[in-house]
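Summary of the model geometry
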Amino acid sequence: MTGSSAASRKALSKIATNRLQKELVEWQVNPPAGFKHKPTDNLQRWVIEVHGAPGTLYANETFQLQVDFPEHYPMEAPQVIFLSPAPLHPHIYSNGHICLDILYDSWSPAMTVSSVCISILSMLSSSTVKQPPEDNDRYVRNCKNGRSPKETRWWFHDDKV
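These numbers were taken from a predicted model, which means no experiment stands behind them. (Residues numbered from 1 in each chain as written. Predicted model: local features only at pLDDT ≥ 70, side-chain atom pairs only at ≥ 80, totals over all residues. Heavy atoms only, no water.)

**A short note on the overall build of the protein**
Here is the rule we go by: Strands here are runs of E lasting at least two residues and helices are runs of H or I lasting at least four, both read from the DSSP assignment and numbered beginning at the N terminus. The buried label goes to any residue with under 20% of its type's maximum accessible area, the exposed label to any with over 50%, and the partly exposed label to all in between, with areas taken from a 1.4 Å probe on protein chains only. Residues count as neighbours in contact if any of their non-hydrogen atoms are within 4.5 Å of one another.
Each helix and strand counted, the protein has four helices and four strands in total. When the helices and strands of the protein are placed in sequence order, the string is α-α-β-β-β-β-α-α. By the burial criterion, 46% of the 161 residues in the protein qualify as buried. Sequence separation of at least 24 residues holds for 61% of the intrachain contacts in the protein that already meet a minimum separation of 6.

**Regarding the environment of Val47**
Structurally, Val47 is set in strand β2 (residues 45–51). Judged by its relative accessible area of 14%, Val47 falls in the buried class. The spatial distance from the C-alpha of Val47 to the C-alpha of Lys36 is 8.6 Å, given a sequence separation of eleven residues. For Val47, the residues in contact, after removing those within four places along its chain, are Lys36, His37, Lys38, Gln64, Leu65 and Leu83.

**Points about the sheet that holds strand β1 (residues 35–38)**
Filter applied, for reference: When DSSP locates at least two bridges between a pair of strands, those strands are taken to pair. Here the axes come from fitting lines to C-alpha atoms, over the contacting stretch only for helices, and the angles between their N-to-C directions go from 0 to 180 degrees.
Here we have four strands laid out as an open sheet, ordered β1-β2-β3-β4, and antiparallel in their pairing. In this open sheet, the two strands that pair with only one neighbour each are β1 and β4 (79–82). Looking at each pair of strands side by side, their axes are set apart by 25° on average, direction ignored. Packing against the sheet, helix α3 (residues 113–125) makes contact with β1, β2, β3 (62–68) and β4, and its axis sits at approximately 35° to β2.

**Concerning the UniProt feature "active site" (unreviewed entry) in the protein**
Our working definition: UniProt positions are given in the numbering used here, feature names are shortened, and annotations may be inferred rather than shown by experiment.
Look at the UniProt record and you will see "active site" (unreviewed entry) annotated at Cys99. Tracing the sequence through the fold places Cys99 in the loop between β4 and α3. Residue classification places Cys99 among the buried residues on the basis of a relative accessible area of 14%.

**Considering the confidence of the model for the protein**
Formally: The quantity called pLDDT is the predictor's confidence in a given residue, expressed from 0 to 100.
On average, residues of the protein carry a pLDDT of 87, and 84% of them reach 70 or more. Ranking the elements of the protein by mean pLDDT puts helix α1 (residues 3–6) last with 43 and β3 first with 97. In this model residues 1–8 is a low-confidence stretch, pLDDT under 50, and it forms ten contacts with partners more than four residues away in sequence or in other chains.

**Structural notes on helix α2 (residues 14–29)**
Cut-off, in case you're wondering: Expected helix span is computed as 1.5 Å times (number of residues minus one). Here the arc refers to the set of directions running from the helix axis out to each C-beta atom.
For α2, with 16 residues, the first-to-last C-alpha span of 23 Å sits near the 22 Å given by 1.5 Å per residue. Turning to α2, its buried residues are Ala16, Arg19, Leu20, Glu23, Leu24 and Trp27. Along α2, the residues classed as buried sweep out an arc of 135° about the axis, all on the same side. Within α2, the exposed residues directed more than 90 degrees away from the buried face are Lys14, Ile15, Lys22, Gln28 and Val29. For α2, the secondary structure elements touched by its buried residues are β1, β2 and α3.

Written out as structure tokens, the structure is:
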């Protein structure tokens, strides 16, 4: 969530808290390759370091994801964005918003933070070009005032990048 909506965020439910504590322990024991959780005292917001996979356009590059968990996680998807600077990628906007169906329409409560991270790294790794989305400027301009990517009606049509 953006700074303005973070203050109005509802506390996690008991189910969400238990699930996140379990995921955090699993992450500490068996973190997904290419990722590092940056510890904070806020269970509701995780910051995760992403290391570009070797042999890809993003090799030797590091980015940061911010994951904000809603009150009813995992029944509701977390909000996942790249912190600035976001990677140049056809499905990642310069404001950090990510066009990836599992973060929105295809979310399943069976997914975890680890599985989301692996999907994002796979998306990065399969890219053949480093360029912003064609509609980047228009989209970012329309997202002023802290609009959440979860408020966007995404059109998932390009799975070749």
